[in-house]
Amino acid sequence: MLKSILQYIIVFTLLFLVGTYTHLAILDNSIPFPLGKMYLFHYLFSLGICILFAYLAFSDILKEQLGLIYLAALFLKLIFFAIVFKSAVFSETVIPRIDRFSMLIPLILFLFVEVLFISKILKKI
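All of these numbers come straight from a predicted model, not from anything done at the bench.

(A) Quick look at the packing of aromatic side chains. With the rule as written, the count across this model stands at 11 aromatic pairs. Following the ring pairs from residue to residue traces out a cluster consisting of Tyr8, Phe12, Tyr39, Phe110 and Phe117.

Written as structure tokens, this is what we have:
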């Protein structure tokens, strides 16, 4: 379990660092919302979900319910994102489509890696 948690930390940290700095370099910091904080939010939440699921799969608690728990965690992630970044998500100022798409890139990146790790955890059960 410790080996897999260390793997999650390394992969998510590399994804956070490479994704954030590459994305900000491409956009030249010309966006009206805190993209770095969005990457940090997805990094912490995805890492937390993977560590939680590694623990739950290892400890036999709610083993049959892990898929349903993941769906609930994903739903909560989206709710918390909307609450934390409500000024950027629900702003009345017009944000160009490319900038709105830039909000989705961190979600897509971290969700992809998160789903890979969660599916690996669920296959071990």
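(B) Up close: helix 3 (residues 66–84). In this model helix 3 runs 26 Å from its N-terminal to its C-terminal C-alpha over 19 residues, within 8% of the 27 Å that 1.5 Å per residue would give. When helix 3 is considered as a whole, its buried residues turn out to be Leu66, Tyr70, Ala73, Leu74, Lys77 and Phe81. Buried residues of helix 3 fall within an arc of 100° about the axis and therefore sit on the same side. Exposed and oriented more than 90 degrees from the buried face of helix 3 are Leu68, Leu71, Phe75 and Ile83. On its buried face, helix 3 is in contact with helix 2 (35–58), helix 4 (86–89) and helix 5 (97–124).

Cut-offs and rules
What you see as residue numbers is a count from 1 along each chain, following the sequence as written. Selection of residues for local features in this predicted model requires a pLDDT of at least 70, selection of side-chain atom pairs for listing and counting requires 80 or more, and totals for whole chains, interfaces and linings are taken over all residues. Heavy atoms throughout the structure, all of them, feed into the side-chain values; hydrogens and water do not. Here is the rule: rings of Phe, Tyr and Trp (six-membered ring for Trp) pair when centre to centre is within 6.5 Å. Planes less than 30 degrees apart are stacked, more than 60 are edge-to-face, and the remainder are tilted. Runs of H or I in DSSP of at least four residues are treated as helices and runs of E of at least two as strands, each being numbered from the N terminus. Helices are assigned an expected span. That span is 1.5 Å times one less than the residue count. For every residue, the accessible area obtained with a 1.4 Å probe (protein chains only) is divided by the maximum for its type, and the residue is called buried under 20%, exposed over 50%, and partly exposed between those limits. It is the directions from the helix axis to the C-beta atoms that the arc portrays. Throughout, a residue-residue contact means that at least one pair of heavy atoms, one from each residue, lies within 4.5 Å.

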